Amino acid sequence: MSRGDDAGATVSEGIDLVVDGAVATLVLDRPRRRGALDEPALRALRPVVDDLTSRVRAGDVRAAVVTGTPTAFCAGRDIVGVDPAEEDAGDVLEQLVNPVVAALAALPVPTVAAVEGPALGIGLGLALACDLVVASEGAVLGSPFGRIGAVLDSGAHRFLVDRVGAARTLDLVYTGRMLTGADAHAWGLVDRAVATGTARAEAEALAAGFADGPTAAFAASKALVARIRDEDLSLAAVLDAEARAQREAGRGPDYQEGFAAFAQKRPPTFTGR
């Protein structure tokens, strides 16, 4: 079950969904392993993300936070006891990891990662799949994969190139360098660096503000940004897409409410429609 003002969210293997009004917080609550995810935890993560997606589609959740414990976001995959000769590492990604990363990135609402402690490997991918990343100054982000002969995964090649460019991505891959939250902010890898111990509160405050906003318009912008990134749209194509999105928004109650509130000099009350 979920905590907060709602019930019925999936919780298993230290993976929890906390719903508070229109904000859902997905919590990787595995402090004994620094948030590292073994196979049962990875299998438990998918239905929780599916539950979150369903709540978003129903309009009950209008912003989401992904976080860990006060001391660790996710230190990656828990490989204790894993025999590399007995598993297909590509299957693990295709079946357990990639669908979750893709689902988080595709959520049509604002998403914010709150990072305390390590965000490594899968943890880095899960954090960067969110629209914004709030990291404590003492957080640790990076790619230690080269130390075990593995390839950066969980979408991190794309996320890192988008955020810090190709050269810095390869710097992190080749060196295995770990960045503090403060350094990651200076690099542009995370969007906000905050005092240690405050990342979740900061992220949830941001998400609450977003949830009160015109989330249908936000969804249109999120989709358009994804198209610009993925399809390398020309200016003419962007102008056309913006006009179509604006036409659709203009037919909705949030657009009408925004104009009315402006004219009446009062705060708007948006409903996400």
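Residues numbered from 1 in each chain as written. Predicted model: local features only at pLDDT ≥ 70, side-chain atom pairs only at ≥ 80, totals over all residues. Heavy atoms only, no water.

**A few points about the overall build of the chain**
Secondary structure assignment for the chain yields 10 helices and 10 strands. Over its C-alpha atoms the chain spans a radius of gyration of 19 Å, differing by no more than 12% from the 19 Å that the globule rule assigns to 273 residues. Judged by the C-alpha coordinates and their principal axes, the chain covers about 65 × 45 × 35 Å. Within the chain, buried positions represent 42% of all 273 residues. Put simply, 65% of the contacts in the chain that link residues at least 6 apart link residues at least 24 apart. Within the structure as shown, the chain displays about 13300 Å² of accessible surface, and the carbon and sulfur contribution to it stands at 55%. Between the centroid of the 27 positive side chains of the chain and the centroid of its 37 negative side chains there is a distance of 4 Å. (Helix = DSSP H or I, 4+ residues; strand = E, 2+ residues; numbered from the N terminus. Rg over C-alpha atoms; globule rule 2.2 N^0.38 Å. Buried < 20%, exposed > 50% of the residue type's maximum accessible area, 1.4 Å probe, protein only. Contact = heavy atoms within 4.5 Å. Areas by Shrake-Rupley, 256 points an atom, 1.4 Å probe, with all protein chains shown as cover. Lys, Arg positive; Asp, Glu negative; His and termini not counted. Charge placed at Lys NZ, Arg CZ, Asp CG, Glu CD.)

**Quick notes on unusual backbone geometry**
For residues other than glycine, phi is negative in most cases, and the peptide bonds are mostly trans. If you check the backbone angles, S154 has positive phi at about 60 degrees while not being a glycine. When its relative accessible area of 2% is taken as the criterion, S154 is described as buried. Phi at D232 is positive, roughly 50 degrees, even though this residue is not glycine. Assignment of secondary structure puts D232 in the loop between α8 (215–231) and α9 (235–250). Assessed through its relative accessible area of 66%, D232 is described here as exposed.

**Focus: the pattern of salt bridges**
Within the structure shown, the criterion is met by 16 salt bridges. Between E87 and R77 there is a salt bridge, with its nearest N and O atoms 2.8 Å apart. One end of the pair, E87, is in the loop between β4 (63–67) and α2 (89–106); the other, R77, is in the loop between β4 and α2, and 10 residues separate them in sequence. Exposure remark for E87: the relative accessible area of 27% places this residue in the partly exposed category. Of the charged contacts in the structure, one is a salt bridge between R266 and E257, with a shortest N-O distance of 2.7 Å. We classify E257 as buried; its relative accessible area is 16%. Several salt bridges converge on common partners, so that one network encompasses R158, D162, R229 and D230. (Salt bridge = Lys/Arg side-chain N within 4 Å of Asp/Glu carboxyl O.)

**Quick word on the packing of helix α4 (residues 156–164) against helix α5 (residues 166–175)**
Two quantities define a packed helix pair, namely the angle between the axes and the distance from one axis to the other. Direction vectors running N to C along α4 and α5 enclose 130 degrees, while the axes themselves pass 7 Å from each other. Between α4 and α5, the crossing angle belongs to the class labelled oblique. In the packing of α4 onto α5, the handedness of the crossing is right-handed. Along the contact surface, α4 presents L160, V161 and V164, while α5 presents A166, R168, T169 and L172. (Axes fitted to C-alpha atoms, helices over the stretch in contact; angles between N-to-C directions. Parallel < 35°, antiparallel > 145°, perpendicular 65-115°, else oblique. Left-handed = near helix turned anticlockwise from the far one by under 90°.)

**Quick look at the sheet that holds strand β6 (residues 118–120)**
Strand order across the open sheet formed by 3 strands is β6-β8-β9, with mixed pairing between neighbours. Since the sheet does not close on itself, it has two edges, and those belong to β6 and β9 (178–180), each with one partner. Between one strand axis and the next, the sheet turns through 25 degrees on average, direction left out of account. With 3 bridges joining them, strand β8 (residues 140–142) and β9 adopt antiparallel strand pairing. Note that in β9 the partner of L141 across the bridge is L179. (Pairing = 2+ DSSP bridges.)

**Re the side chain of S154**
Relative to the assigned elements, S154 resides in the loop between β8 and α4. With residues near it in sequence (within four places) discarded, S154 still touches V97, V101, G121, I122, G125 and F159.

**Focus: the environment of V48**
Relative to the helices and strands, V48 is located in helix α1 (residues 39–57). When the C-alpha atoms of V48 and D83 are compared, they prove to be 27 Å apart, with 35 residues separating the residues in sequence.

**Considering the packing of aromatic side chains**
Here the structure, examined in full by the defined rule, presents 1 aromatic pair. Between Y255 and F259 the ring centres are 4.8 Å apart and the planes differ by 25 degrees, which places this aromatic pair in the stacked class. With Y255 and F259 both in helix α10 (residues 253–263) and 4 residues apart, the pair spans about one turn of that helix. We classify Y255 as partly exposed; its relative accessible area is 31%. (Phe/Tyr/Trp six-rings, centres within 6.5 Å; stacked < 30°, edge-to-face > 60°.)

**Some thoughts on the pairing of strand β2 (residues 15–20)**
Burial analysis of β2 places 5 of its 6 residues in the buried class, the great majority of the element. One ladder, built from 6 bridges, connects β2 with strand β3 (residues 23–28); its direction is antiparallel. Its bridge partner being in β3, L17 is matched across the sheet by L26. Between β2 and β3, which pair antiparallel in sequence order, lie 2 residues; one of them, G21, sits at a positive phi of approximately 65 degrees.

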